[in-house]
Amino acid sequence: MKLDAKAIRYLTSEDFRVLAGVEAGSRNHEVVPTPLIVQLSGLRGGSGVHRSISVLAKTNLIAKVKNAKYDGYRLAYGGLDYLALNAHQKQKCIYSVGNQIGVGKESDIVVVAHSSGSQRILKIHRLGRISFRTVKTNRDYLRHRNTGSWMYMSRLAAMKEFAFMKALRENGFSVPEPIAQNRHTIVMSLIDAFPLRQISKVPRPAELYSELMDIILELARFGLIHGDFNEFNILIKEEEDPDAKGKAPANVDDENDENIRLVPVLIDFPQMVSIDHANAEMYFDRDVNCIKRYFQRKFHFVSDVPGPSFADAKKNLLKNPGKRLDVEVEASGFSRKMARELEAYMKEVGVDGDAGAPRDDEEEDDDSEEEEDGSEEDHSDDGQPEEETGPSDSLDDSSRRLEELRV
Ligand SMILES: Nc1ncnc2c1ncn2[C@@H]1O[C@H](COP(=O)(O)OP(=O)(O)OP(=O)(O)O)[C@@H](O)[C@H]1O
């Protein structure tokens with residue numbers, strides 16, 4: 001189910017119209033009958049449409065399904081990916097597709113480039129991709145899920161992420177810059193940083209710890225709880241400390257270097273909830289405890305003061321009357337009804353973020369989680385042929401790997 005953008009350049013505008021026809025038909029047909037595809041594509045002359053259908057099926061963007069009553073086609077994830085990519089390309093938001101740098105539990109992260117050459121991140125939401133933790137419990141449900149639900153829910157997840165990222169960014173939070181959203185995808189600025197999870201030592205853990213707690217409280221001041229605030233979703237940028245004037249130049253390899261300032265950047269907002277949510281206190285405490293536990297385990301740091309409580313968070317909210325980002329996001333188009341639908345679906349398919357993930361007790365990082373994540377795709381059972389796509393090297397060779405860029 002990885003993005004393979006190779007074939008996009010061979011598709012004609014007719015092929016895209018037919019693909020969009022299959023997408024439109026999928027909204028109310030589990031299997032879209034061929035005559036409906038012809039009709040929805042709005043193209044004259046059936047033969048062109050049939051040629052396009054066969055091209056799209058060969059490329060695994062749609063899959064033929066023999067129904068009891070009729071034959072038809074179903075949109076595959078790849079088809080939805082191409083529709084979104086095509087839209088981003090038309091809006092000049094993406095010029096070329098680079099390497100996939102991450103396979104999250106519920107998304108793929110791909111480096112893309114703008115025509116200016118600047119690198120960006122394309123995040124493709126893939127809700128309904130079976131988590132290795134929930135395969136057994138959810139298999140039956142997922143087997144019967146229909147195309148409409150994963151498409152719709154993944155789109156809701158992208159809308160949610162985009163709306164929150166925008167609201168947070170506009171209010172001074174350190175998050176990537178949201179650039180565009182289309183269907184189940186968002187384009188955002190690339191943060192040249194590693195997740196906290198990959199940082200083995202920090203010069204002054206107390207400073208970073210209190211900064212992270214301040215972010216949790218600051219979110220609450222705007223009526224929000226991240227809900228999945230942990231070492232995977234906090235990227236750490238290393239910057240030279242502007243206050244360190246007159247000191248020796250910064251040396252990023254020196255963990256004790258006082259000139260280095262670590263700047264946390266928050267990503268991934270699938271579980272962001274309002275401070276008025278029924279389980280707000282539980283989510284708030286979980287965010288605080290995640291950081292506490294992680295700092296203790298990884299950096300052997302225990303704070304002298306207890307972490308902020310939910311009561312502190314509520315008090316903080318009163319300091320900011322009138323500025324409620326939970327309310328603002330609702331008004332921006334990601335409605336309360338959508339939030340509820342997404343939450344219910346995520347619960348049903350077992351999405352509980354990283355906070356509920358089993359953690360190893362090892363100090364050092366290992367790649368095992370990534371491997372487990374990668375293997376999820378083998379469990380995928382969406383009734384469609386699996387796309388046999390190679391990993392990142394199948395993508396546009398002109399783009400360099402992110403790791404190289406970071407050097
Ligand atoms: N804007 C960005 N800039 C740089 N790297 C990013 C960016 N967004 C995501 N990443 C990288 O991709 C990884 C996964 O991103 P993210 O947490 O948003 O996806 P996810 O599917 O929700 O993952 P998971 O649920 O497994 O945490 C991050 O840990 C980070 O390394």
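First things first, this report covers the structure right here in the doc. For every chain, the first residue of the written sequence is number 1, and numbering continues from 1 along that sequence. Side-chain atom pairs in this predicted model are given and counted only at pLDDT of 80 or more, local residue features only at pLDDT of at least 70, and totals for whole chains, interfaces and linings cover all residues. Side-chain metrics in this entry use all non-hydrogen atoms of the structure; hydrogen atoms and water are not considered.

**Some details on the overall build of the chain**
When helices and strands are counted, the chain shows 13 helices and 13 strands. For each residue, the accessible area found with a 1.4 Å probe, counting protein chains only, is set against the maximum for its type, and the residue is called buried under 20%, exposed over 50%, and partly exposed in between. Here the chain holds 407 residues, and 52% of them are scored as buried. For the chain, the proportion of contacts with a sequence separation of at least 24, taken over those separated by at least 6, is 74%. Under the convention used here, a 1.4 Å probe and the Shrake-Rupley method define accessible areas, while residue burial counts only the protein chains that appear. If you sum the accessible surface of the chain, you get close to 19,300 Å²; carbon and sulfur atoms cover 49% of it. Secondary structure elements are defined from DSSP: runs of H or I of at least 4 residues count as helices, runs of E of at least 2 residues count as strands, and each element is numbered from the N terminus. Should any heavy atoms of two residues lie within 4.5 Å, those residues are counted as being in contact.

**A word on the side chain of H114**
Tracing the chain through its elements places H114 in the loop between strand 5 (107-113) and strand 6 (119-125). Two N or O atoms count as a polar contact when they lie within 3.5 Å, although within protein this holds only if one can serve as hydrogen donor and the other as acceptor, and sequence-adjacent residues are included solely when both atoms are side-chain atoms. Engagement of the side chain of H114 in a polar contact is seen with the side chain of S116, the distance being 2.9 Å. Discounting residues that sit within four places of it in the chain, H114 has contacts with K92, C93, Y95 and R120.

**Examining the nonpolar core**
Residues belong to a common nonpolar core when they are buried Ala, Val, Leu, Ile, Met, Phe, Trp, Tyr or Cys residues joined through side-chain atoms within 4.5 Å. Core analysis: the largest hydrophobic core is formed by 101 residues, its most contacted members being L19, L122, L168, L196, L212, F284 and F295. Ranked by the residues each element gives to this core, the list is headed by helix 6 (residues 147-170), at 13 residues. Residue contacts for L196: discarding those within four places in its chain leaves L208, L212, E231, I234, I236, Y294, F295 and F299.

**Side note on the packing of helix 1 (residues 13-26) against helix 4 (residues 77-90)**
How two helices sit against one another is set out by the angle between their axes and by the gap between those axes. A fitted line through C-alpha atoms represents every axis, and for helices the fit uses only the stretch in contact; the resulting angles, taken between N-to-C directions, go from 0 to 180 degrees. Between helix 1 and helix 4, whose axes approach to 10 Å, the crossing angle comes to 120°. In terms of axis orientation, helix 1 runs oblique to helix 4. Like other packed secondary-structure pairs, helix 1 and helix 4 cross with a definite hand, here left-handed. In this structure, helix 1 contributes F16, L19, A20 and E23 to the contact, and helix 4 contributes G79, L80, Y82, L83 and N86. Of the residues contributing to the contact of helix 1 with helix 4, the split by class is 6 nonpolar, 2 polar and 1 charged. For this classification, under 35 degrees means roughly parallel, over 145 means roughly antiparallel, 65 to 115 means roughly perpendicular, and everything else is oblique. Helix crossings get a hand from a simple test, with the near helix turned counterclockwise from the far one by less than a right angle marking a left-handed crossing and a clockwise turn marking a right-handed one. Polar here means any residue other than Ala, Val, Leu, Ile, Met, Phe, Trp, Tyr, Cys and Pro, which are nonpolar, and Asp, Glu, Lys and Arg, which are charged; Gly is therefore polar.

**A short note on the packing of aromatic side chains**
Any Phe, Tyr or Trp ring, taking Trp's six-membered ring, that has another such ring centre within 6.5 Å forms a pair; planes under 30 degrees apart are called stacked, those over 60 apart edge-to-face, and the others tilted. Applying the stated rule across the entire model yields 8 aromatic pairs. Put simply, the rings of Y209, Y294, F295, F299 and F301 pair up and form one aromatic cluster. Note on criteria: charge over ring means Lys NZ or Arg CZ within 6 Å of the ring centre, with the direction from the centre no more than 35 degrees off the ring normal. The ring of Y77 is capped by R126, whose NZ or CZ atom sits 4.9 Å from the centre of that ring.

**Description of the packing of helix 7 (residues 205-221) against helix 8 (residues 280-299)**
Interhelical geometry of helix 7 versus helix 8 gives an angle of 170° and a closest axis separation of 11 Å. Taken together, the axes of helix 7 and helix 8 lie roughly antiparallel to each other. Each of P205, L208, Y209, L212, M213, I216, L217 and A220 in helix 7 lies in contact with helix 8, whose residues at this interface are F284, D287, V288, I291, K292, F295 and F299. Across the contact of helix 7 with helix 8, the residue classes tally to 13 nonpolar, no polar and 2 charged.

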